[in-house]
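Spelled out, the chains give:
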There are 2 protein chains.
Amino acid sequence: MTNPNPLPAPTLRDVAEAAGVHTATASRALNPKTRRQISAETARRVMRAAEALGYQPNSFARGLKTSRSSTVGLVIPDLTNPLFPPIVRGVESVLESDGYNVWIVNTDNDDNRERAKIESLRSRQVEGLIVATARLEHPLLQQLHEQGVTMVLINRQVENLRIPAVTGDDATGVAAAVRHLADLGHTRIAHLSGPLSTSTGHVRFQAFRHAVRDHGLPDDLIVECAHWSEADGATAMRDLMSRTTGCTAVVAGNDLIALGCYDVFAERGLSCPRDISVIGFNDMPFLDKLRPPLTTVAVPHHELGAEAARMLLDCIDEPDRPARSLLLPVSLVVRDSTAPPRR
Amino acid sequence: MTNPNPLPAPTLRDVAEAAGVHTATASRALNPKTRRQISAETARRVMRAAEALGYQPNSFARGLKTSRSSTVGLVIPDLTNPLFPPIVRGVESVLESDGYNVWIVNTDNDDNRERAKIESLRSRQVEGLIVATARLEHPLLQQLHEQGVTMVLINRQVENLRIPAVTGDDATGVAAAVRHLADLGHTRIAHLSGPLSTSTGHVRFQAFRHAVRDHGLPDDLIVECAHWSEADGATAMRDLMSRTTGCTAVVAGNDLIALGCYDVFAERGLSCPRDISVIGFNDMPFLDKLRPPLTTVAVPHHELGAEAARMLLDCIDEPDRPARSLLLPVSLVVRDSTAPPRR
DNA sequence: TTGTATGCGTTATCAG
DNA sequence: CTGATAACGCATACAA
């Protein structure tokens, strides 16, 4: 059954010989863009031969010759964060219909891994990068930008750099979350922010402070999480509860941080939303099936990815295009983790 | 700030000139495996020049010359299924420490996409494939296998083909699930199977039938889901409820199908586990936070990925190695979606 | 319409 | 230890 001695893959030369033409002719026949230069009959013969041999063009040779890779790199901090797979899909849906392939790399939130992966991507001649790992201060991205690497940021931005970016309208989302809680009657609302080293953490933090002030509420019930994770959300929540009292609602930096709050509620026998309300951010999958279903701010993940991909294509086609920033609208999704405060 | 005219990437030639040596010497100096052929002094000079220029070897040229890509393809049906990201991480953790890069592709459960993506991977000279999309009948995989493509299956297998595979011990897992329900006193236990065209669907289906028979229970309360999805799980559950009565417990083919059951319970005002118990399969993330927390069979995702990667490395190193099948142990995780039947 | 010749950037073989 | 040279497979400018 199994072929124990796999033959070397057929080359263009093999195809040409089988079709009785020269490699140049075979090359033209196989490439849709040059096929019309040769007779239909010859083209058919070549294509048949290629089919019969199971010919696959060697993309190393092609890439070396054309210095094009038809490949784009997608840099993700952590694929196990449910936020990212839909973004990946959005990116792929656009890029693939345009003939590009997407190479996904996971940095695991580690600078060294990020550097290594991006180097690897560059050595593979990717034609552009979509980067979801930006921090406000990001020497590596700054360096790449200065080197003229074609790049679009997604979800997060770098400070003071004119790099094209697609993000959600976080400020509006946070304002909507705070308004929802204020309307329910909450007066002591806390924020468990994401890392302030990221633009999303920073923007949501600022938006939170502005929003609570606008409602005449205290703006100092804030704890920063070390990472965008459930564990760090729980740590921050414990911290908050040990240092303040009477807080009846929490705006979490994202859904994972909100899940960390759930863990602490379970530990301490608190009932959500009866004892305390929580709002997440992102609307990652399955939140509607949580106990309780989590109120959150929905970000259009797929669109985020798709728009970033479109923007990258634009940048590839038109390298001198000025950088734009696209802000996609978000929406509050009210579920059962928010209710009026107990009185 | 931004470089408007990005220079062409420096080549080995540029490095060699800067260091005042021949390209061959530069090549040897930069490659750790040949560096000892070169005087320490020259090597240092070359490495410094490379560093200064920001030299990145062109992997097309290298791949063309060496016909090695240091790349492995990972074929995933659907990255948004939370089962897969941990598997990806497991694969990466092993392969990367061995100097390989992993190219992840998403087939979206579509044959044509799968074929196109795998063709693309092969044209990029991947040294092996880890495939998570197998069906029992799978002409494409069979063809690849016959062509001698180095390949390891993960999670699912192909029928009658000796392809190396790493999977969870599904049969034991299903038996444990049924035993748990029987011990609770359930006598009418249903199974919402995954697609029987997949080995996982088939094996779990068979194991379910054997298990209920072993307990002297009816073995005909079975509905097959069209896909491993929440929506198809819900459809199957509605189907089951319309055609049978008195069933007090469900063994779902996987966690997503179990989530579909939750949707139907919500529709019909059924309380889980009071009115009906459910068990999932896989123990995907966040199940402990569901309403109710889902009892399930935990599969070691990360290990699955890591073991498949190790097996692939073995296959690459030793092509004539006979195919083995590795069955990783699973364990029942009892949460709150299972309880004694109402009486 | 087809064939010829060349070179992409790298590594391997062979001399020196 | 280092340099010269060839070759990997393909696409393209040029010639016919």
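Everything below is about the structure shown above.
So, here is what we can say about the structure in this document. It should be emphasised that the depicted structure is a prediction, and the values quoted were computed from it without experimental measurement.

On to the overall build of chain A, then. Helix and strand counts for chain A stand at twelve helices and twelve strands. Taking 2.2 N^0.38 as the reference for a compact globule, 343 residues should give roughly 20 Å; the C-alpha atoms of chain A span a radius of gyration of 26 Å, well beyond that estimate. Expressed along its principal axes, the backbone C-alpha trace of chain A runs to roughly 90 × 50 × 35 Å. The burial tally for chain A puts 55% of its 343 residues in the buried class. Taking contacts inside chain A between residues at least 6 apart in sequence as the whole, the part at least 24 apart equals 69%.

Okay, the relation of the copies chain B and chain A next. For the pair chain B and chain A, the best superposition has an RMSD of 0.1 Å and corresponds to a rotation of 180° with a translation of 0.0 Å parallel to the axis. The two molecules are tied by a two-fold rotation axis, judged by turn and shift.

Once that is clear, we can look at the protein's contact with DNA strand C. Residues in close proximity to DNA strand C total 23 residues, the closest being H22, T25, T42 and K65 of chain A together with L12 of chain B. The contact atoms of DNA strand C, taken as those within 4 Å of the protein, divide so that sugar and phosphate hold 65%. Interatomic distance of 2.7 Å between a side-chain N/O atom of R28 of chain A and a base nitrogen of DNA strand C. For DNA strand C, a phosphate oxygen lies 2.5 Å from a polar atom in the side chain of T42 of chain A. Looking at the surface near DNA strand C element by element, the count peaks at four residues for helix α4 (residues 59–66) of chain B. A class-by-class count of the residues in the surface near DNA strand C yields nine nonpolar, nine polar and five charged.

Okay, the interface of chain B and chain A next. The interface is formed by 58 residues belonging to chain B together with 58 residues belonging to chain A. With both sides pooled, the region where chain B packs onto chain A buries about 5000 Å², and carbon together with sulfur makes up 55% of that total. Looking only at chain B, the three residues that lose the most surface to chain A are F60, F286 and K289 of chain B, adding up to 16% of its buried area. Linking chain B with chain A are 14 salt bridges.

What follows concerns the pairing of strand β5 (residues 165–168) of chain B. All names here are of chain B. Neither face of β5 is left uncovered, since the one carrying A165 and T167 and the one carrying V166 and G168 both have all their residues buried. The pairing of strand β4 (residues 151–154) with β5 spans two bridges and is classified as parallel. Opposite I154, over in β5, you have V166 as the bridge partner. When β5 meets strand β11 (residues 325–328), the two strands line up parallel, connected through four bridges. Along β11, the bridge assignment pairs G168 with L328.

Once that is clear, we can look at the pairing of strand β2 (residues 101–106) of chain A. Residue and element names in this part refer to chain A. Extensive coverage of β2 is indicated by the burial of six of its six residues. Here β2 shows a buried face lined by N101, W103 and V105 and a second buried face lined by V102, I104 and N106. Both strand β1 (residues 71–76) and β2 contribute to a ladder of six bridges, which runs parallel. Each bridged residue has a counterpart across the sheet, and for V75 the counterpart in β2 is V105. The handedness of the β1 to β2 crossover, carried by helix α5 (residues 84–97), is right-handed.

Lining the immediate surroundings of DNA strand D are 23 residues, of which L12, Y55 and R62 of chain A together with T25 and T42 of chain B lie closest. The protein-proximal atoms of DNA strand D, defined as those within 4 Å of the protein, are 59% sugar or phosphate. S27 of chain A is positioned with one of its side-chain polar atoms (N or O) 3.0 Å from a phosphate oxygen of DNA strand D. A distance of 2.6 Å is found between a phosphate oxygen of DNA strand D and a side-chain nitrogen or oxygen belonging to Y55 of chain A. Mapped by element, the contributors of at least two residues to the surface near DNA strand D are α2 (23–30) and α4 (59–66) of chain A together with α2 (23–30) and α4 of chain B. Of the residues forming the surface near DNA strand D, the biggest block, four residues, is contributed by α4 of chain A. Looking at the surface near DNA strand D residue by residue, the class counts come to nine nonpolar, nine polar and five charged.

Before going further, it helps to spend a moment on the nonpolar core. Membership of the largest hydrophobic core comes to 96 residues, with the highest contact counts inside it found for L95 and I130 of chain A together with L95 and I130 of chain B. Apart from the residues lying within four places of it in its own chain, the contact partners of L95 of chain B are V72, Y100, V102, I130, A309 and L313 of chain B.

With that settled, consider helix α1 (residues 12–19) of chain A. All names here are of chain A. Every buried residue belonging to α1 is among V15, A16 and A19, and all of these are buried. Looking down the long axis of α1, one finds its buried residues gathered within 100° of arc, a one-sided arrangement. Exposed side chains of α1 directed beyond 90 degrees from the buried face belong to R13, E17 and A18. Here the buried face of α1 lies against α2 and α3 (40–53). Following α1 by one or two positions, G20 has its phi on the positive side, about 70°.

One pass over the structure, following the stated rule, counts four aromatic pairs over all chains. In this structure, R204 of chain A is placed above the aromatic ring of F281 of chain A, and the distance from its NZ or CZ to the ring centre is 3.9 Å.

Pairing between the strands of a sheet comes from backbone hydrogen bonds, and it takes one of two forms, parallel or antiparallel. Residue and element names in this part refer to chain B. Strand order in this open sheet of four strands is β7-β6-β8-β9, and the pairing throughout is parallel. Each having just a single partner strand, β7 (222–224) and β9 (277–279) make up the two edges of the open sheet. In this sheet, adjacent strand axes meet at a mean angle of 15° when their direction is disregarded. Note: strand β6 (residues 189–193) against β7, three bridges, orientation parallel. Note on β7: the bridge partner recorded for H191 is I222. Against the sheet, helix α8 (residues 170–184) engages β6, β8 (249–252) and β9, with an angle of about 170° to β8. Here helix α9 (residues 199–214) sits on the sheet in contact with β6, β7 and β8, set at roughly 170° to β6.

Calculation criteria
- Residues numbered from 1 in each chain as written.
- Chains lettered and ligands numbered in written order.
- Predicted model: local features only at pLDDT ≥ 70, side-chain atom pairs only at ≥ 80, totals over all residues.
- Heavy atoms only, no water.
- Helix = DSSP H or I, 4+ residues; strand = E, 2+ residues; numbered from the N terminus.
- Rg over C-alpha atoms; globule rule 2.2 N^0.38 Å.
- Buried < 20%, exposed > 50% of the residue type's maximum accessible area, 1.4 Å probe, protein only.
- Contact = heavy atoms within 4.5 Å.
- Least-squares fit on C-alpha atoms with pLDDT ≥ 70 in both.
- Near = heavy atom within 4 Å.
- Polar contact = N/O pair within 3.5 Å; in protein donor to acceptor, adjacent residues only side chain to side chain.
- Nonpolar A, V, L, I, M, F, W, Y, C, P; charged D, E, K, R; others polar.
- Buried area = accessible area lost by both parts, 1.4 Å probe.
- Salt bridge = Lys/Arg side-chain N within 4 Å of Asp/Glu carboxyl O.
- Pairing = 2+ DSSP bridges.
- Right-handed = clockwise from strand over helix to strand, strands pointing away.
- Core = buried A, V, L, I, M, F, W, Y, C linked by side-chain atoms within 4.5 Å.
- Arc of directions from axis to C-beta.
- Phe/Tyr/Trp six-rings, centres within 6.5 Å; stacked < 30°, edge-to-face > 60°.
- Lys NZ or Arg CZ within 6 Å of the ring centre and 35° of its normal.
- Axes fitted to C-alpha atoms, helices over the stretch in contact; angles between N-to-C directions.

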